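Observations on the model geometry
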Amino acid sequence: ELTAEEMESARNRAKHEYFARGFEAYLLEGTAPTSSLKKLFSQMKKWPVRCEVLTADEVYLGQSSRIIAALQQGGAAVVLLHLDCEHYVLLTGAGEDTVDVFDPYYWPDACHDPRVQPVHDQPTRMNRRIHWDVFNTEGMGHYNMGVKAKRECVLLFNTATRQDGETLEYSI
């Protein structure tokens, strides 16, 4: 039997997923689940943001990954993965073999894998730092992206501040 807190958490998760899937459908197809969300999504679409959708074999983390390239250019990525269920997280930065992750359903003790490190001092940027191989695993464990055929990712760039290859090379 679920506690009141667990039930509230499940309701909030469902609301967030409904909003995220609705916005994704609006970006891809121009449809929204309600007229009020369509109005909101149309306003959000005017933001200086460029999106790219990656699926299946395109969704992996590594030196030649489009996801890592986007993070190195100042972009972000929304990735579908597993955390007891299908779950979206925001990737905000890349290290040598890790990514900085903002997990909206952050549970301090959700994962006991040493490759998944909690980050407590950067709440507006990340709350986890996770090794690439955890994401790339085709299993159903915490923070695994699962089988390649079902992987999804949306890359996000601020068109006003995106670093091109020349700017990136200079800054490194």
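In this numbering scheme, every chain counts its residues from 1 along its sequence in written order. Residues qualify for local features only when their pLDDT is at least 70, as the model is predicted, and side-chain atom pairs are given and counted only at 80 or more; totals for whole chains, interfaces and linings, by contrast, use all residues. Excluded from the side-chain calculation are hydrogens and water; included are all heavy atoms of the structure.

**A word on the sheet that holds strand β7 (residues 152-158)**
Whether parallel or antiparallel, the strands of a sheet pair through hydrogen bonds between backbone atoms. Two strands pair if DSSP finds at least two bridges between them. The helix and strand labels rest on DSSP assignments: H or I over at least four residues marks a helix, E over at least two residues marks a strand, and numbering proceeds from the N terminus. With antiparallel pairing, seven strands are arranged side by side in an open sheet as β1-β7-β2-β3-β4-β6-β5. Among the strands making up the open sheet, the edge pair consists of β1 (49-55) and β5 (116-118). Neighbour-to-neighbour, the strand axes of this sheet turn through a mean angle of 30°, independent of strand direction. Judged from the four bridges that link them, strand β3 (residues 86-94) and strand β4 (residues 98-102) form a sheet pairing that is antiparallel. Within β4, the position partnered with G93 by the bridge is D100. Any two residues having at least one pair of non-hydrogen atoms within 4.5 Å are treated as being in contact. Axis definition: a line fit to C-alpha positions, over the contact stretch in the case of helices; interaxial angles, taken between N-to-C directions, run 0 to 180 degrees. Here helix α1 (residues 4-29) sits on the sheet and contacts β1, β3 and β7; the angle it forms with β3, its principal contact strand, is near 70°.

**Comments concerning the side chain of H87**
Here H87 shows up in strand β3. Any pair of N or O atoms that falls within 3.5 Å is considered a polar contact. Within protein, one atom must be able to donate a hydrogen and the other to accept it, and sequence-neighbouring residues count only if both atoms are side-chain atoms. In this structure the side chain of H87 is engaged in a polar contact, spanning 2.7 Å, whose partner is the side chain of D103. Residues within four places of H87 in sequence aside, it is in contact with E17, V79, L80, L81, D103 and Y105.

**Focus: the packing of α1 against helix α2 (residues 35-45)**
Look at α1 against α2: their axes get within 10 Å of each other, and the N-to-C directions meet at 65°. The way α1 lies across α2 gives a crossing that is right-handed. Contacts between α1 and α2 involve Y18, F19, G22, F23 and Y26 from the first element and L37, K38, L40, F41, S42, M44 and K45 from the second. Under the convention adopted here, Pro, Cys and the residues Ala, Val, Leu, Ile, Met, Phe, Trp and Tyr are nonpolar, Asp, Glu, Lys and Arg are charged, and Gly plus all remaining residues are polar. Taken together, the residues that form the contact of α1 with α2 break down as eight nonpolar, two polar and two charged. Whether a crossing is left-handed or right-handed is set by the direction in which the near helix is turned from the far one by less than a right angle, anticlockwise for left-handed and clockwise for right-handed.

**A few points about the nonpolar core**
If you look at the biggest cluster of nonpolar residues, it comprises 26 residues, and the most contacted ones within it are I67, L91, V99, F135 and Y143. When contributions to this core are tallied by element, the ones reaching two or more residues are α3 (66-72), β2 (76-82), β3, β4, α4 (132-136) and β7. Examining the composition of this core, we find that four residues originate from one element, α3, more than from any other. Put simply, a nonpolar core is a bunch of buried Ala, Val, Leu, Ile, Met, Phe, Trp, Tyr and Cys residues held in one set by side-chain atoms that sit within 4.5 Å of each other. Think of it in three bands: with a 1.4 Å probe and only protein chains considered, a residue is buried below 20% of the maximum accessible area for its type, exposed above 50%, and partly exposed in between. Counting residues in each nonpolar core, the second largest holds five residues, with F23, Y26, F41 and M44 among its members.

**What to know about the pattern of salt bridges**
Think of a salt bridge as a Lys or Arg side-chain nitrogen and an Asp or Glu carboxyl oxygen that are within 4 Å of each other. Under the definition given, this model contains nine salt bridges. The shortest N-O distance in the salt bridge between R129 and D100 comes to 2.9 Å. One end of the pair, R129, is in strand β6 (residues 128-131); the other, D100, is in strand β4, and 29 residues separate them in sequence. Given a relative accessible area of 32%, R129 falls into the partly exposed group. Residues D113 and R115 are paired through a salt bridge, measuring 2.5 Å at the closest nitrogen-oxygen approach.

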